[in-house]
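Structural features, examined
Here are the chains, one letter per residue:
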Amino acid sequence: MGDFINSRGWQNCLQTRAKQRYWGALCALLLGFVMLGMLDGLQGLARSGADVIEVLPGGSVAISGPLTIKNPVNSDLKAQFTPETPALVYELEGFFSGYWFGNGMWRAAVRADALTEPGNYGLKVVFRGAPASTTQNYKITVYADGAAMRAASTSYLRRITGYNPFVLAAGCCGLALLAAVVVYRLGCSYIRQITALGCGEIVRVQPQAGNAHQKNQPGHIWCMLYGLRAPATGTLCAVYDAQGVHLGHARAAEANKGTLELNFDSFTRPAADAGADSSAVRPGCLVQLRPQKPLSPPDSGR
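A few points on the structure. Quick caveat, the model's predicted, so the values are computed rather than measured.

**Quick word on the pairing of strand E7 (residues 136-142)**
E7 sits mainly inside the fold: five of its seven residues count as buried. The sheet contact formed by strand E1 (residues 52-55) and E7 spans four bridges and is parallel. Considered in E7, the bridge of Val 52 is made with Lys 139.

Laid out in structure tokens, this is it:
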């Protein structure tokens, strides 16, 4: 038992597992920021409205909308600002098919002159020959500067950080994916290390049904073989917790599709004296299926 806990291979396993948990927690934290950014951005859109356009003097904003007639040309579309002002310009860029359903869409840019007066404006987009009910109306707000736009934002994150919440969510999502890759690679490394120790990881525990004394026994346990050869039926295998403490023994029963079923035999005396019960054996504990491979000693002959 002491040899297993103190072995260099087991210490490497503990270090790898600790790193995996750290990166897993970081990944979960980043995903939480992704959800926060998405929710904040959506509530901001719901409060301000999807038809609101915010722009700074000297800046421009890309907008798009649905077509209300078939096969239009540029001259069929008319855009009008209220109140009319030469400081705001509507520049039609063309027509295209929608990304989701393939419906006809128009794409344009609203540009504000550097001398545009801050305030609220209206934009009406109509197609020649289309019913009046299809008129598309937008609200344009021109802010004096970036600080004023940030202070008036309906997004809490944008007011705090100055960045679009959807951009923040996308950035955190990319970092979370990188962290998830690290977690996966560390998990693969951990599996290689425990198989070198001759161990399989417990993935399922079924408590023993019976009298009060028997209910303290884990009963049936299942562990992953990870490519190891299953021990013969009836072989007594040592069971360790996630920290390498020897809990007891289990007898091999049946191997099926890379999983080995075992019947828990008994707790060892130190574990039993410490009050160990069925809850001590849980997913993540290890079953030693064969003796561990010796690590290659460093070459001291050079």
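**Thoughts on the sheet that holds E1**
Reading across the sheet, the four strands line up as E1-E7-E6-E3 and stay open at both edges, with mixed pairing between neighbours. Each edge of the open sheet is held by one strand with a lone partner, namely E1 and strand E3 (77-82). Taking each pair of neighbouring strands and ignoring which way they run, the sheet shows an average axis angle of 25 degrees.

**What to know about the sheet that holds strand E4 (residues 88-97)**
Two orientations exist for strands paired in a sheet by backbone hydrogen bonds: parallel and antiparallel. If you walk across this open sheet you meet the three strands as E2-E5-E4, and the pairing is antiparallel. Of all strands in the sheet, those bounded by a partner on one side alone are strand E2 (60-66) and E4. Going from strand to strand, the sheet's axes swing by 25 degrees on average, the running direction of each strand aside. In terms of strand pairing, E2 meets strand E5 (residues 104-112) through seven bridges, oriented antiparallel. Bridge pairing in E5 places Ile 63 opposite Ala 108.

**Comments concerning the layout of surface pockets**
Here the largest pocket is characterised by a volume of approximately 430 Å³. Secondary structure elements with two or more residues in the lining of the largest pocket: helix H2 (8-48), E1, helix H3 (146-152) and helix H5 (165-196). Broken down by element, the residue count for the lining of the largest pocket peaks at five residues, all from H2. Grouping the amino acids of the lining of the largest pocket by side-chain chemistry returns seven nonpolar, ten polar and four charged. Roughly 210 Å³ of internal volume is contained in the second largest pocket. The element that contributes the greatest number of residues to the lining of the second largest pocket is E2, accounting for four residues. Here the lining of the second largest pocket is composed, by residue class, of seven nonpolar, one polar and one charged.

**What to know about the packing of aromatic side chains**
One pair of aromatic rings is described through two measures. These are the centre distance and the angle between the planes. Scanning the model with the defined rule gives three aromatic pairs in all. Pairing Trp 106 with Tyr 138 gives two aromatic rings, centres 6.3 Å apart and planes at 85 degrees, and the pair type is edge-to-face. Remark: Tyr 138 occurs in strand E7 and Trp 106 occurs in strand E5; sequence separation between them is 32 residues. One aromatic cluster is present, formed by Tyr 90, Trp 106 and Tyr 138 through successive ring pairs. Here Arg 107 stacks its cationic end above the ring of Phe 96, 4.1 Å away from the centre of that ring. The ring of Trp 222 carries the charged tip of Arg 204 above its face, separated from the ring centre by 4.1 Å.

**Examining a nonpolar patch on the surface**
Residues Leu 29, Phe 33 and Leu 36 make up a contiguous nonpolar surface patch of about 280 Å² in total accessible area. If you trace the backbone, Phe 33 turns up in helix H2. According to the relative accessible area criterion, Phe 33 is partly exposed, its value standing at 41%.

**Some remarks on H5**
Here H5 contains 32 residues, and its C-alpha end-to-end distance of 46 Å stays within 8% of the 46 Å for a straight helix at 1.5 Å per residue. Among the residues making up H5, those that are buried are Pro 165, Ala 169, Cys 172, Ala 176, Ala 179, Val 183, Leu 186, Gly 187, Ser 189, Tyr 190, Ile 194 and Thr 195. Lining the buried residues of H5 we find H2, helix H4 (156-161), strand E8 (199-206) and strand E13 (286-288). Regarding H5, its N-cap is Asn 164, as a side-chain oxygen of that residue lies 2.8 Å from the backbone nitrogen of Phe 166 further along. Positive phi shows up at Gly 198, right after H5, with a value of about 80 degrees.

Rules used in this analysis
- Residues numbered from 1 in each chain as written.
- Predicted model: local features only at pLDDT ≥ 70, side-chain atom pairs only at ≥ 80, totals over all residues.
- Heavy atoms only, no water.
- Buried < 20%, exposed > 50% of the residue type's maximum accessible area, 1.4 Å probe, protein only.
- Helix = DSSP H or I, 4+ residues; strand = E, 2+ residues; numbered from the N terminus.
- Pairing = 2+ DSSP bridges.
- Axes fitted to C-alpha atoms, helices over the stretch in contact; angles between N-to-C directions.
- 1 Å grid on protein atoms, 1.4 Å probe; cavity = no way out; pocket = protein on both sides within 12 Å on 5 of 7 lines; lining within 4 Å.
- Points joined across faces, edges and corners; volume = space filled by probe spheres on them.
- Nonpolar A, V, L, I, M, F, W, Y, C, P; charged D, E, K, R; others polar.
- Phe/Tyr/Trp six-rings, centres within 6.5 Å; stacked < 30°, edge-to-face > 60°.
- Lys NZ or Arg CZ within 6 Å of the ring centre and 35° of its normal.
- Patch = residues over 30% accessible without salt bridge, like charges linked within 9 Å, V, L, I, M, F, W, Y side chains within 5 Å.
- Areas by Shrake-Rupley, 256 points an atom, 1.4 Å probe, with all protein chains shown as cover.
- Salt bridge = Lys/Arg side-chain N within 4 Å of Asp/Glu carboxyl O.
- Expected span 1.5 Å × (residues − 1).
- Contact = heavy atoms within 4.5 Å.
- Polar contact = N/O pair within 3.5 Å; in protein donor to acceptor, adjacent residues only side chain to side chain.

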